[in-house]
Amino acid sequence: MSDKQNPIENRPPSMAHLFLERVEATPDKEAYRYPVATKGDGPDDWRSYSWGEAAERVFAIAAGLMDLGIRPEERVAIASSTRVDWILSDLGVLCAGAATTTVYPQTNAGETAFILKDSGSRMLIAEDAAQLAKARERRAELPELAHVIVIETADAVPAEGDPEGWVLSLADLAERGKRYLEQHPESVKESVAAQQPTQLATVIYTSGTTGRPKGVRLRQDSWSYMGHAIAGVELLHADDIQYLWLPLAHVFGKALLAGQIKVGHASAVDGRVDKIIENLPVVQPTYMAAVPRIFEKVYNGAANKAKDAGGAKYKIFLWAAEVAKEYAKVTQENFRRTGTASAPLGLRIKHGIADKLVYSKLRERFGGRMRGTVSGSAALAPEIGYFFAGAGIHILEGYGLTETSAANFVNPSDAYRIGTVGKALPGLEVRIAEDGEVLLRGPGVMEGYHNLPEKTAEVLEEDGWFHTGDIGELSDDGYLRITDRKKDLFKTSGGKYIAPSAIEGQFKAVCPYVSNILVIGASRNFCSALIALDELALSAWAAENGLEGKSYEEIVSDPKTTALIDGYVKQLNDGLQKWQTIKQFRLLPRDLDVEHGELTPSLKLKRPVVEKEYSHLIDEMYAGSRVA
């Protein structure tokens, strides 16, 4: 069987091996592109590292860590937003033979200290003064933390320096490494050569929708496998430009790094979410991974922009949106049946007109060269997927978990099916348990939870099968459809099972003002919902409806807003079974966010947190109703 047929065969033992292979193969090719602020209000400059230049920086960081005493499998934490320094630091840690502990930059001091202590991290690479302050605040609790290395040193290290030597700059670490390499020129290559597949590479703490985060232990082979498996499905090409903004503390971001190194394409790296719209026309990427919320915001933004432009343009947009959905559904169904993405002549003509009026402008917002996008972390509402597919922006849904190195299923670029998460990556086994739970086994499955053998035993069987906690269906030709989280499914007092995320996704497809929605109804005699609205979209609507200048809380408490959303709830209910319909809803006084602990850093709902915080609104909706 050829290497193309067996893309995960003969893979190297570690991510560091994978990186060295890439550097040797294409040393002068662009690897990473990154923004540099200019003076004044002008746009950022973009600069690049070739693979060879990146390797010089990575080797210096690795050697610096080794000189400071870091040994194989010892943990080095990174607390930073997505930036090129994160990637180079991570590769430096791995080339030194150590393991990276990832920390979201939004994590508070208490939880940061918990992660550093629980992981036994010897060092912390901190982005700036704010991240350093968290470690300083809890230093007494972290006796094993030997050093903090700061990427941005302005205001982080006093002018007189750090007399104790506890704080270094990343530049200082690299200089130390260069000196170490002068004395031990082969030290990093020898470190890489000694690495074994079973060696610990990463400890990623699940952001967790309940309780303390758990540290997921992923081996070196997990990332080597992931790089080869992603390359094997041929989603990415060597000449692609990826726009990378996802948090690298999240396993999805880490999987993208592994895939990039194996394929060898370039990545433009900037984690500032507020810069995405500005950067896309500048970078003009051919590929991007995102989460559903980004696509929902783009769709809602386009709808509201058309609405603001006047009645005629809004009617054209709504017409074009329906044409896009119809075109995508017809062409995908025909491709599934015949292998040809055909459509009737009349629909092709309408689609061509809509493309000139609407779709082409939408594609320009993505930079004009976008060949494909991958959506993960949560379910994408099918209607949103059909809209973008018909508009020529192909969103390939994928599926994975932290415990399985993230990328497990992805839709094929030439035969993707909206509403599914695609097919299993090469080397991954899947089966559906009797209760519908998806079970996975393969090289990407974790070693276990750090320091939590009992928790590990709850989800990981002795023969390697991992219990995902997701309910799914597998088609005869291998496409997986996730129907809900096992723990999120609930039964009404009437005995009917409800999959809340499916209803929530449908509402996001019909209501352009929604930001987050939580469907409730466990042991109740009807379903209800807590709804948070998108502030930007809502403000534009408020200005046209006599509520200009009002605060967000004032707008959502106005009867006009309740009536507006009620119309969309009725529209949603028209497409639901009677027992699924939303009988009551309440608008929240503010949007849900990461800072208040209601969303994980990957923007998943923490249902118990939201239900507890707004229990008074839930009680109000069910006042006088029957509870099982």
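Refer to the structure presented above.
The present account deals with the structure reproduced in this document. Treat the numbers as computed from the prediction; the structure is a model and nothing was measured. Sequence order as written defines residue numbering, which begins from 1 separately in each chain. Only residues with pLDDT of 70 or above have their local features reported here, since the model is predicted, and side-chain atom pairs are shown and tallied only from 80 upward, although totals for entire chains, interfaces and linings are computed over all residues. Hydrogens and water are ignored here; the side-chain numbers use all heavy atoms of the structure.

Looking now at the overall build of the chain. By the criteria applied, helices consist of DSSP H or I runs no shorter than four residues and strands consist of E runs no shorter than two, each listed in order from the N terminus. What the chain contains, in helices and strands, is 21 helices and 26 strands. The globule rule is 2.2 Å times the number of residues to the power 0.38, and the radius of gyration it is compared with is taken over C-alpha atoms. Computed over the C-alpha atoms, the radius of gyration of the chain is 25 Å, within 12% of the 25 Å expected from 2.2 N^0.38 for a compact globule of 628 residues. Projected onto its principal axes, the C-alpha positions of the chain cover 75 × 60 × 55 Å. Residue burial is assigned from relative accessible area. The probe radius is 1.4 Å, only protein chains are included, and a residue is buried under 20% of its type maximum, exposed over 50%, and partly exposed in between. Counting every position in the chain, which comprises 628 residues, the buried fraction comes to 55%. Counting only contacts in the chain whose residues sit at least 6 apart along the sequence, the fraction spanning at least 24 positions is 68%. Here the accessible surface of atoms and residues is derived via Shrake-Rupley with a 1.4 Å probe, and residues count as covered only by protein chains that are part of the display. Carbon and sulfur atoms form 50% of the exposed surface of the chain, whose accessible area is close to 26600 Å². Whether two residues are in contact is decided by their heavy atoms: any pair within 4.5 Å suffices.

Here we take up the packing of aromatic side chains. Here a pair means two rings of Phe, Tyr or Trp (six-membered ring of Trp) with centres within 6.5 Å. Their orientation is stacked below 30 degrees between planes, edge-to-face above 60, and tilted elsewhere. Under the counting rule described, the total for this entry stands at 13 aromatic pairs. Taken together, a centroid distance of 4.8 Å and an interplanar angle of 75° make the contact between Tyr299 and Phe387 edge-to-face. Of this pair, Tyr299 sits in helix H11 (residues 292–308) while Phe387 sits in helix H14 (residues 382–390); the two residues are 88 residues apart in sequence, bridging distant segments of the chain. When the centroid spacing of 5.2 Å and the interplanar angle of 75° are considered together, the rings of Phe387 and Phe388 count as edge-to-face. The buried category is assigned to Phe387, whose relative accessible area is 1%. Taken together, the ring pairs in this structure connect Phe295, Tyr299, Phe317, Phe366, Phe387 and Phe388 into an aromatic cluster. Distance and angle both matter: a charge sits over a ring if NZ of Lys or CZ of Arg is within 6 Å of the ring centre and within 35 degrees of the ring normal. The cationic tip of Lys214 hangs over the ring face of Tyr449; the distance from NZ or CZ to the ring centre is 5.2 Å.

As a further point, take the environment of Pro608. Following the sequence through the fold, Pro608 ends up in helix H20 (residues 607–613). Residues Pro608 and Glu598 lie ten residues apart in sequence; the distance between their C-alpha atoms is 8.7 Å.

So, about the environment of Ser169. Along the chain, Ser169 falls in strand S7 (residues 167–169). For Ser169, a relative accessible area of 9% corresponds to the buried category. When the C-alpha atoms of Ser169 and Glu127 are compared, they prove to be 9.9 Å apart, with 42 residues separating the residues in sequence. Those residues in contact with Ser169 that lie beyond four places of it in its chain are Ile149, Val150 and Thr153.

Using a grid of 1 Å spacing that covers the protein atoms alone, one calls a set of points a cavity when a 1.4 Å probe fits there but cannot get out, and a pocket when the set is open and has protein on both sides within 12 Å along at least five of seven lines; lining residues are those with an atom within 4 Å of a point. Grid points are joined across faces, edges and corners, and a volume is the space filled by probe spheres set on the points. Inspection of the entire model under this criterion finds three cavities of 30 Å³ or more. If you add up the space inside the largest cavity, you get close to 50 Å³. Residues are sorted three ways: Asp, Glu, Lys and Arg are charged, Ala, Val, Leu, Ile, Met, Phe, Trp, Tyr, Cys and Pro are nonpolar, and all the rest, Gly among them, are polar. Here the lining of the largest cavity is built from residues that sort into three nonpolar, three polar and one charged. There is about 40 Å³ of room inside the second largest cavity. Every residue lining the second largest cavity is listed: Asn304, Lys307, Asp308, Tyr513, Ala537, Ala540, Trp541 and Glu544. Among the elements of the structure, H11 and helix H17 (535–543) are those that each provide at least two residues to the lining of the second largest cavity. For the lining of the second largest cavity, the residue count by class is four nonpolar, one polar and three charged.

Below, the discussion takes up the pairing of strand S24 (residues 514–520). The buried fraction of S24 amounts to seven of the seven residues, a majority that puts the element mostly inside the structure. Note: two strands are recorded as paired if DSSP finds a minimum of 2 bridges between them. Of the pairings in the sheet, the one linking S24 to strand S25 (residues 527–533) comprises six bridges and is antiparallel in character. Across the sheet, the residue bridging to Leu518 is Leu530, located in S25.

Okay, the packing of helix H16 (residues 500–510) against helix H19 (residues 559–574) next. In this analysis, axes come from line fits to C-alpha atoms, helices being fitted only over the stretch in contact, and the angle between any two N-to-C directions falls in the range 0 to 180 degrees. Running from amino to carboxyl end, H16 crosses H19 at an angle of 125°, the nearest separation of the two axes being 10 Å. Judged on the interaxial angle alone, H19 and H16 are oblique. Where H16 crosses over H19, the handedness of that crossing is right-handed. Residue-level contacts link Ile503, Gln506, Phe507 and Val510 of H16 to Ile565, Tyr568, Val569, Gln571 and Leu572 of H19. Residue composition of the contact of H16 with H19, by class: seven nonpolar, two polar and no charged. Convention used here: angles under 35 degrees read as roughly parallel, angles over 145 as roughly antiparallel, angles from 65 to 115 as roughly perpendicular, and any remaining angle as oblique. Crossing chirality is assigned from the near helix's rotation relative to the far helix, an anticlockwise turn below a right angle marking it left-handed and a clockwise turn marking it right-handed.

Before going further, it helps to spend a moment on the pattern of salt bridges. Opposite charge on two side chains makes pairing possible when the charged atoms of those side chains draw close. Salt bridge, as applied in this entry: a Lys or Arg side-chain nitrogen positioned within 4 Å of an Asp or Glu carboxyl oxygen. Inspection of every chain in the model, using the stated rule, returns 33 salt bridges. One salt bridge in this structure joins Arg217 and Glu447, with 2.6 Å as the shortest N-O distance. Here Arg217, found in strand S9 (residues 215–219), pairs with Glu447, found in the loop between strand S18 (437–441) and strand S19 (448–449); they are 230 residues apart in sequence, far enough to count as distant. Owing to a relative accessible area of 16%, Arg217 belongs among the buried residues under this scheme. With relative accessibility at 34%, the residue Glu447 sits in the partly exposed group. The shortest N-O distance in the salt bridge between Lys325 and Glu383 comes to 3.9 Å.

A separate point is a nonpolar patch on the surface. Taken together, the side chains of Ile316, Trp319, Leu345, Ile349, Ile353 and Leu357 make up a nonpolar region of the molecular surface, amounting to roughly 530 Å² of accessible area. When residues of the nonpolar patch are traced back to their parent elements, those giving at least two are helix H12 (311–338) and helix H13 (345–365). With four residues, H13 is the single largest residue contributor to the nonpolar patch. Residue classification places Leu357 among the partly exposed residues on the basis of a relative accessible area of 41%. Put simply, a patch holds well-exposed residues, over 30% relative accessible area, that have no salt bridge, with like charges counted together within 9 Å and Val, Leu, Ile, Met, Phe, Trp or Tyr side chains within 5 Å.

Here we take up the environment of Arg83. If you trace the backbone, Arg83 turns up in the loop between strand S3 (75–79) and helix H3 (84–95). The class of Arg83 is buried, set by a relative accessible area of 18%. Counting along the chain gives 51 residues from Arg83 to Tyr32, while the straight-line C-alpha distance between them is 9.9 Å. Not counting the four nearest positions on each side in its chain, Arg83 is found in contact with Glu127, Ile151, Glu152, Leu248 and Val269.

Our next topic: the sheet that holds strand S21 (residues 480–485). Ordered in space as S17-S18-S20-S21, the four strands form an open sheet in which the pairing is antiparallel. Across the chains shown, the open sheet's two edge strands, defined by having one partner strand only, are strand S17 (429–432) and S21. Across the sheet, the mean angle separating the axes of adjacent strands is 50° when strand polarity is ignored. In this structure, strand S20 (residues 466–474) lies alongside S21, joined through five bridges in antiparallel fashion. Among the inter-strand pairings, Leu474 is bridged to a residue of S21, identified as Leu480.

So, about the layout of surface pockets. Size it by volume and the second largest pocket reaches roughly 420 Å³. Of all the elements in the fold, those that place two or more residues in the lining of the second largest pocket are H11, H12 and H13. Ranked by the residues each element gives to the lining of the second largest pocket, the list is headed by H13, at five residues. A class-by-class count of the residues in the lining of the second largest pocket yields nine nonpolar, no polar and four charged.

With that settled, the discussion passes to the nonpolar core. Soluble globular proteins tend to pack their nonpolar side chains together in the buried interior. In these notes, a set of buried Ala, Val, Leu, Ile, Met, Phe, Trp, Tyr and Cys residues joined through side-chain atoms within 4.5 Å is what counts as a nonpolar core. With 136 residues, the main nonpolar core has Phe19, Tyr32, Trp223, Met226, Trp245, Phe366 and Phe388 as its most contacted residues. If one sorts the elements of this core by residue count, helix H2 (residues 51–67) sits on top with ten residues. With 30 residues, the next largest nonpolar core counts Ile517, Val519, Cys527 and Phe585 among its residues.

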